Amino acid sequence: MRLPAKLDELDLAILDAMHEFQKAGILELSRRTRVARATVQARINRMEESGVIASYDPQIDVTAAGFDVQAFVTLEIAQGALDAVSEELTAIPGVLEAYATTGSGDVLCRIGADSHTGLQAVLLNIDRTGSVVRSHSVIVLSTVIARRTMPLLHTLTPAGTAKAPAYRERH
């Protein structure tokens, strides 16, 4: 397990700029944060290596792509079947995410489909897996808060001050 990265104010400013200007390259991020390009590149490299920046995948809105029915499904699985259920769920395209959880269920999934009939087909595929003992689903009516990370990161106490002089001067 990795130790959590210690992010400072400049790291957070770079991440903010990356979220606000998602197509920006290193030079543009450098301009937006008023820090040398090499500094921005080094900070991004460090955040990639520590796992803070986990991916550059595009954020795809499955609703806009025609899959406007979504649900959360809580699964109770057979004892010790977490690895098996992981493989089984991965094979079902409608399973968008799955997490091992505590509480009354063992796994929480987010699923997507193009219709209620499609949703039922995904649910039946999940129930047919050998590891699932029982499932409970709730249909998503609307998104109240979309996936986000920056508000949580801003609750961190920054680790010291940024070493970049231009950034320190304006903050």
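Above this text sits the structure in question.
So, how was this worked out
Residues numbered from 1 in each chain as written. Predicted model: local features only at pLDDT ≥ 70, side-chain atom pairs only at ≥ 80, totals over all residues. Heavy atoms only, no water. Pairing = 2+ DSSP bridges. Helix = DSSP H or I, 4+ residues; strand = E, 2+ residues; numbered from the N terminus. Axes fitted to C-alpha atoms, helices over the stretch in contact; angles between N-to-C directions. Contact = heavy atoms within 4.5 Å. Core = buried A, V, L, I, M, F, W, Y, C linked by side-chain atoms within 4.5 Å. Buried < 20%, exposed > 50% of the residue type's maximum accessible area, 1.4 Å probe, protein only. Polar contact = N/O pair within 3.5 Å; in protein donor to acceptor, adjacent residues only side chain to side chain. Expected span 1.5 Å × (residues − 1).

**Student:** What is the right way to look at the sheet that holds strand β1 (residues 69–77) in this model?
**Tutor:** Paired through backbone hydrogen bonds, the strands of a sheet run either parallel or antiparallel to each other. One open sheet holds the four strands; their spatial order is β2-β3-β1-β4, and the pairing between them is antiparallel. On the outer flanks of this sheet lie β2 (95–100) and β4 (132–139), each paired with one strand and no other. This sheet shows a mean twist of 20° between the axes of neighbouring strands, independent of strand direction. Relative to strand β3 (residues 107–113), β1 runs antiparallel, the two being bridged by seven bridges. Residue pairing for β3: T74 is matched across the bridge by L108. The sheet strands contacting helix α4 (residues 82–90) are β1, β2, β3 and β4, and the helix crosses β3 at an angle near 5°. Together, β1, β2, β3 and β4 form the strand contacts of helix α5 (residues 116–128), whose direction differs from that of β3 by roughly 145°.

**Student:** Could you clarify how one ought to interpret the side chain of S30 in this entry?
**Tutor:** Examined against the element boundaries, S30 turns out to sit in helix α2 (residues 26–33). In this structure S30 touches V35, A36, R37 and V40, once residues within four positions along its chain are discounted.

**Student:** Can you walk me through the nonpolar core in this structure?
**Tutor:** Note on soluble globular proteins: their nonpolar side chains tend to be buried together. Membership of the largest hydrophobic core comes to 18 residues, with the highest contact counts inside it found for L75, L89, C109, I111 and I126. Listing elements by their share of this core, those giving two or more residues are β1, α4, β3 and α5. Sort the elements by how many residues they give to this core and β1 lands first, with five residues. With near-sequence residues (within four places) excluded, I126 lies in contact with L75, L89, I92, V95, I111 and V132. Formed by 14 residues, the second largest nonpolar core is a distinct cluster that contains L15, L29, V35 and I44.

**Student:** Teacher, can you tell me more about the pairing of β1 here?
**Tutor:** Within a regular beta strand, the side chains point alternately toward one face of the sheet and then the other, so they alternate between its two faces. Relative to β4, β1 runs antiparallel, the two sharing seven bridges. Its bridge partner lying in β4, E76 is registered against R134.

**Student:** Explain the side chain of D11 to me, please; I cannot follow it from the model alone.
**Tutor:** Inspection of the secondary structure assignment puts D11 in helix α1 (residues 9–20). Classification of D11 by relative accessible area gives buried; the value is 0%. Side-chain polar atoms of D11 contact the side chain of R46, separated by 2.6 Å. If near-sequence neighbours (up to four positions away) are discounted, D11 is found in contact with K6, R43, R46 and M47.

**Student:** Would you explain α1 in this entry?
**Tutor:** Here α1 contains twelve residues, and its C-alpha end-to-end distance of 16 Å stays within 8% of the 16 Å for a straight helix at 1.5 Å per residue. Within α1, the full set of buried residues consists of L10, D11, L12, A13, I14, L15, A17 and M18. One side-chain oxygen at the N-terminal end of α1 lies 3.0 Å from the backbone nitrogen of L10; it belongs to D8.

Function cannot be read off these values alone, since they describe shape.
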